[in-house]
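Observations on the model geometry
Spelled out from the first residue to the last, the chains are:
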Amino acid sequence: HVKERGRGDFRFYQSQMNVGLLSRMKIDHAMREALEEQRFRLFYQPQIDLYSGRLVGAEALVRWTDPSLGVMAPSDFISIAEETGFIVTLGGWVLREAIRQGELWQIQGIDLTMSVNVSAAQFHQLNFVESLAQWLTASRLPASRLELELTESILIQNVDETLIRLDALVDLGVRLAIDDFGTGYSSLAYLKRFPIHKLKIDRSFVQDIPDDESDAAISTAIINLAHSLNLKVIAEGVENDIQRRFLLDAGCDEFQGYLCSPPVDPDSFVQLVGALGLSDAPDPSPRIL
Ligand code: C2E
Ligand code: MG
Ligand code: MG
Ligand code: MG
């Protein structure tokens, strides 16, 4: 948008860029301070089994309110944290905190899959698998109840190295999901090569179903693709019952979205567990069709 507004006016464009750079440094500094001051929180969004309507998982989503900057959206600060490298530290905190919360819920008899977003820099960090292994060993959360959400862009960097790392994660027992599936640059070949358990249909495809015929076709195709490769499939961003019904009819396994609940704090999440009930056995093996 900056480019459009500043088209043909180099000075305007450049000054916008500088403001961008300045606020990036400011935000990076504020993030480091926020982590020290324990101002980051995790909210949890329920993941629902489409057939039973019961809860099967929770996606951990980071939240940050800065005393002077106000509520900061992950879409604003995660990309900055990725650029500055702070994401490695922040992502480590997110993983440990999600494991801690997942363990606490296990102890309380709330058996669900904890899904955690992982950034590229975090995933490709040398000791990523080792650190995770240590945190899981020290925790009573079964590795099989931790799911890592990876984006396609993670998978296409250093494919051979990535494959080794994914295998090591699967050896730990954790589950692997591809987030925002269908929006990245990757080829379908990696679905065959990589030990992935689940595809997450991106919200952009779910938004306009069933009216948008292309989106409906793409969503259906992803569901069928997942099942023919013995993968589970979850739809993101389900906001209304028409979308839910469409996905149910198309054979989708799970959904998350405002129709059920936005991401909420842990106490509110426990209330949702009470209201919705847990799926009897969040079965890690793929559904037989
Ligand atoms: P994502 O992983 O694809 O997460 C889904 C996003 O969609 C979340 O936004 C969630 O609040 C939002 N959402 C869920 N249901 C609906 C719905 O029905 N309608 C609409 N309009 N939106 C819905 P959020 O929390 O703002 O996070 C945005 C992105 O920031 C995430 O996308 C993820 O890529 C990133 N992110 C968030 N937390 C973390 C984190 O702890 N680590 C990393 N690496 N990335 C994170
Ligand atoms: Mg995600
Ligand atoms: Mg676990
Ligand atoms: Mg997503």
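What counts and what doesn't
Residues numbered from 1 in each chain as written. Chains lettered and ligands numbered in written order. Predicted model: local features only at pLDDT ≥ 70, side-chain atom pairs only at ≥ 80, totals over all residues. Heavy atoms only, no water. Helix = DSSP H or I, 4+ residues; strand = E, 2+ residues; numbered from the N terminus. Buried < 20%, exposed > 50% of the residue type's maximum accessible area, 1.4 Å probe, protein only. Contact = heavy atoms within 4.5 Å. Arc of directions from axis to C-beta. Polar contact = N/O pair within 3.5 Å; in protein donor to acceptor, adjacent residues only side chain to side chain. Donors = N, O, S within 2.8 Å, 3.2 Å for Na, K, Ca; no water. Axes fitted to C-alpha atoms, helices over the stretch in contact; angles between N-to-C directions. Parallel < 35°, antiparallel > 145°, perpendicular 65-115°, else oblique. Nonpolar A, V, L, I, M, F, W, Y, C, P; charged D, E, K, R; others polar. Near = heavy atom within 4 Å. Areas by Shrake-Rupley, 256 points an atom, 1.4 Å probe, with all protein chains shown as cover.

- For the chain, an unreviewed UniProt entry supplies the name cyclic-guanylate-specific phosphodiesterase and the organism Thiorhodococcus drewsii AZ1.

1. Details of the overall build of the chain
- Assigned secondary structure in the chain consists of 13 helices and 9 strands.
- Residue burial in the chain is summarised as follows: out of 289 residues, 46% are buried.
- A separation threshold of at least 6 residues defines the contact pool for the chain, and within that pool the share at least 24 residues apart is 67%.

2. Details of helix α13 (residues 266–276)
- Along α13, the positions that sit buried rather than exposed are F269, L272 and V273. Viewed end-on, α13 has its buried residues packed into an arc of 105 degrees, placing them on one side of the element. In this structure, α13 carries D267, Q271, G274 and A275 as exposed residues pointing more than 90 degrees from its buried face.
- The backbone nitrogen of D267 has a side-chain oxygen 3.0 Å away, supplied by the residue at the start of α13, namely D265.
- Positive phi appears at G277, one or two residues downstream of α13, with a value of about 80 degrees.

3. As for the coordination of the magnesium ion (ligand 2)
- Distances from the magnesium ion (ligand 2) to its protein donors, E59 (OE), N117 (OD1), E149 (OE) and D179 (OD), fall within 2.0 to 2.2 Å.
- Summarised as a motif, the one-chain spacing of the donors to the magnesium ion (ligand 2) is E-x57-N-x31-E-x29-D.
- Separating the magnesium ion (ligand 2) from the magnesium ion (ligand 4) is a gap of 4.1 Å, bridged by D179, which donates to each. With N117 in strand β4 (residues 113–117) and E149 in strand β5 (residues 146–151), the pair connects residues that are 32 residues apart, well separated along the chain.
- The buried category is assigned to E149, whose relative accessible area is 1%.

4. Examining the side chain of Q101
- One can find Q101 in helix α4 (residues 86–107).
- Among all residues touching Q101, those that are not within four sequence positions of it are Y44, M114 and P266.

5. Remarks on the coordination of the magnesium ion (ligand 4)
- For the magnesium ion (ligand 4), every protein donor is listed as D179 (OD), D180 (OD), E236 (OE) and E236 (OE), and the spread of their distances is 2.0 to 2.5 Å.
- All donors to the magnesium ion (ligand 4) come from one chain, and their sequence spacing reads D-D-x55-E.

6. What about the packing of helix α6 (residues 128–137) against helix α8 (residues 159–172)?
- The contact between α6 and α8 brings their axes to 10 Å, and the two run at 10 degrees. By the criterion of interaxial angle, the relationship of α6 to α8 is roughly parallel. Listed contacts from α8 to F128, V129, L132 and A133 of α6 are R165, A168, L169 and L172.
- Of the residues that constitute the contact of α6 with α8, the class distribution is 7 nonpolar, no polar and 1 charged.

7. Section: the site of ligand 1
- The immediate surroundings of ligand 1 are formed by 21 residues, with R63, N117, D179, E239 and Y258 found nearest.
- Between ligand 1 and R203, the relevant distance is 3.1 Å, taken from a nitrogen atom to a side-chain nitrogen or oxygen of the residue.
- Interatomic distance of 2.8 Å between a backbone N/O atom of Y258 and an oxygen atom of ligand 1.
- Here ligand 1 has 800 Å² of accessible area as a free molecule, and 83% of this is covered by the chains.
- Listed by contribution, the elements that provide at least two residues to the shell around ligand 1 are β2 (55–66), α3 (74–84) and β6 (175–181).
- If one sorts the elements of the shell around ligand 1 by residue count, β2 sits on top with 4 residues.

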